[in-house]
Amino acid sequence: MADRYLSFTGTAPGRFLTRRLGLPRPAPLRRWSQERPALDGGLLHLTAGASRLDLAPVLARTGLPTDEAAGKPAAVVLDATGVRTVEDLDEVHAALHPVVRSVAESGRIVVLGAPLDTADHHQAAAQQALEGFTRSLGKETGGGRTVNLVRLTDASAAESTLRFLLSPKSAYVSGQVIAVGDQESPAPEDADRPLTGRTALVTGAARGIGEAVAATLARDGAEVVVLDVPQAEEDARRVAERIGGSVLLLDMTAADAGARIAEALPGGLDVLVHNAGITRDRRLVNMAKDRWSSVLDVNLGSVLRTTDALLEAGALRRDGRIVTTASIAGIAGNAGQTNYGASKAGVTGLVRALAPRALAEHGVTVNAVAPGFIETKMTAAVPLIIREAGRRMNSLAQGGLPVDVAETTAWFAHPGSGAVNGQVVRVCGQSLLGA
Ligand code: NAD
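These numbers come from a predicted model, not from an experiment.

This paragraph deals with the pattern of salt bridges. Using the criterion set out here, one finds 23 salt bridges in the structure. Of the charged contacts, one joins Arg31 and Asp404 as a salt bridge, the two residues approaching to 2.8 Å between their closest N and O atoms. In this pair, Arg31 sits in the loop between α2 (12–21) and β1 (42–49) while Asp404 sits in helix α15 (residues 402–413), placing the two residues 373 residues apart along the sequence. The exposure class of Asp404 is buried, given its relative accessible area of 2%. Asp120 is the partner of Arg84 in a salt bridge, and the nearest nitrogen-oxygen pair spans 3.2 Å. Taken together, the positions of Arg84 in the loop between β2 (73–82) and α4 (86–96) and Asp120 in the loop between β3 (108–113) and α5 (121–141) put the pair 36 residues apart, joining distant regions of the chain. The network of salt bridges with common partners includes Glu211, Asp235, Arg238 and Arg242.

Structure below.
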């Protein structure tokens, strides 16, 4: 469903009216394309506090020019890992206040923080302050700009994350706090097709977000298995044909779903994307048991069962990736969605508890994307007023596209993202609802 308001605000009368009436002014987002894979402009590297990060070589590898000649910065990285006191926070203001106005439209501001030091409450206070700062700046920058915070201790372990956040691929990711560990992971041989030689399975890939995830992982070089229910066979085959993948028709709620996936992939699996999901909305007072249990089973029960089965069978190869799909409804809650909100919050619980163990025992990372309002058939069916509220009530004043969720999934799946584990990253344009 086209966003007509977004198109209208790009016209002269649209600009005039929205300015006069104080209406939201969404900027067309700059997304990745083969022709324009990088941001248009330079990168500005700033520091607050005494940093010990070896950041410059990592930033140089983003390919963004760092000289004055590059004009308006399209990306600003503020290294605030050395901020330990309230006084140090003055340096955050001093660094960004003079430049924030000059950041190009659809530009990126990435603040780097350190893990909170529980033995030093001054450091913890100052570092936690960076979260409120980042989220507030994200809500005021406008013009398609995004602002995110990355907590890290080792710059090279965070390279895939910085490259993602400093690229058009993260167009709809804003206001996020991402913690990156110090696990080194090898750089892929082919930077343009980092998943070459890897097999990815995407559930619910016959349409919507899953289709975009399958296409994006295939773009990155993966052999993709398009999994969906038998009733979606025609769409699944169309997707697989388009991306050069294969089809597996299977209801993920089947008790033996994990075993059947393992059997279909005797060579093993590198990337497992749990995307299949359903909604059966009703307020709790009107919700029959089957609406409750079907949503819990598809969105959470089957995810737990098949993940356990595949890990136990050793079907996920070392250096593998599991990406699950949560939702802002599981974080903020949503009227009419007690079943869905419960299932999606459950997904985040699964991620947090399983991630350290899966990495230690199987060498596999476990993360979640939490989409906000994404333009799909699911959201096109939402009544007009609620749909408009969902679209506008975020810092970017528009809905996201399936490809935005797909790009975030591809970043988790990237061979260089071994230090990204246990994260729940919202792809919601910094929705104003919820945390
Ligand atoms: P969609 O309804 O367009 O597609 C879901 C796909 O999953 C369908 O092809 C369906 O056949 C498949 N599926 C459903 N049950 C299955 C099962 N038991 N086994 C195998 N496949 C099954 O949905 P979408 O909008 O693309 O959403 C994809 C995921 O993103 C879901 O988990 C959804 O909850 C989540 N999400 C979507 C939004 C949004 O705005 N669209 C927001 C937050 C979260």
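Moving on: the sheet that holds β2. The strand order across the open sheet built from 5 strands is β1-β2-β3-β4-β5, with neighbouring strands paired in parallel fashion. If you trace the sheet from one side to the other, it starts and ends with β1 and β5 (177–179), each paired once. This sheet shows a mean twist of 20° between the axes of neighbouring strands, independent of strand direction. Direction of pairing for β3 relative to strand β4 (residues 146–151): parallel, over a ladder of 6 bridges. Across the sheet, Ile109 pairs through a bridge with Val147, a residue of β4. The sheet strands contacting α4 are β1, β2 and β3, and the helix crosses β1 at an angle near 160°.

Taking the numbering used here, the UniProt-annotated feature "domain: Ketoreductase" (unreviewed entry) corresponds to residues 198–372. Across residues 198–372, helical content stands at 48% and strand content at 22%; the span's end C-alpha atoms are separated by 29 Å.

Turning to the site of the ligand, a few remarks are in order. Around the ligand, the structure places 26 residues, and the nearest of them are Arg207, Ile209, Asp228, Asn275 and Tyr340. Between the ligand and Asp228 there is a distance of 2.6 Å, counted from an oxygen atom to a side-chain nitrogen or oxygen. At 3.0 Å from a nitrogen atom of the ligand is found a main-chain nitrogen or oxygen belonging to Met252. Expressed as a share of its isolated accessible area of 830 Å², the protein-covered part of the ligand is 92%. Of the residues in the shell around the ligand, the class split is 13 nonpolar, 9 polar and 4 charged.

Conventions we followed
- Residues numbered from 1 in each chain as written.
- Predicted model: local features only at pLDDT ≥ 70, side-chain atom pairs only at ≥ 80, totals over all residues.
- Heavy atoms only, no water.
- Salt bridge = Lys/Arg side-chain N within 4 Å of Asp/Glu carboxyl O.
- Helix = DSSP H or I, 4+ residues; strand = E, 2+ residues; numbered from the N terminus.
- Buried < 20%, exposed > 50% of the residue type's maximum accessible area, 1.4 Å probe, protein only.
- Pairing = 2+ DSSP bridges.
- Axes fitted to C-alpha atoms, helices over the stretch in contact; angles between N-to-C directions.
- Contact = heavy atoms within 4.5 Å.
- UniProt positions renumbered as here; feature names shortened; annotations may be inferred.
- Near = heavy atom within 4 Å.
- Polar contact = N/O pair within 3.5 Å; in protein donor to acceptor, adjacent residues only side chain to side chain.
- Areas by Shrake-Rupley, 256 points an atom, 1.4 Å probe, with all protein chains shown as cover.
- Nonpolar A, V, L, I, M, F, W, Y, C, P; charged D, E, K, R; others polar.

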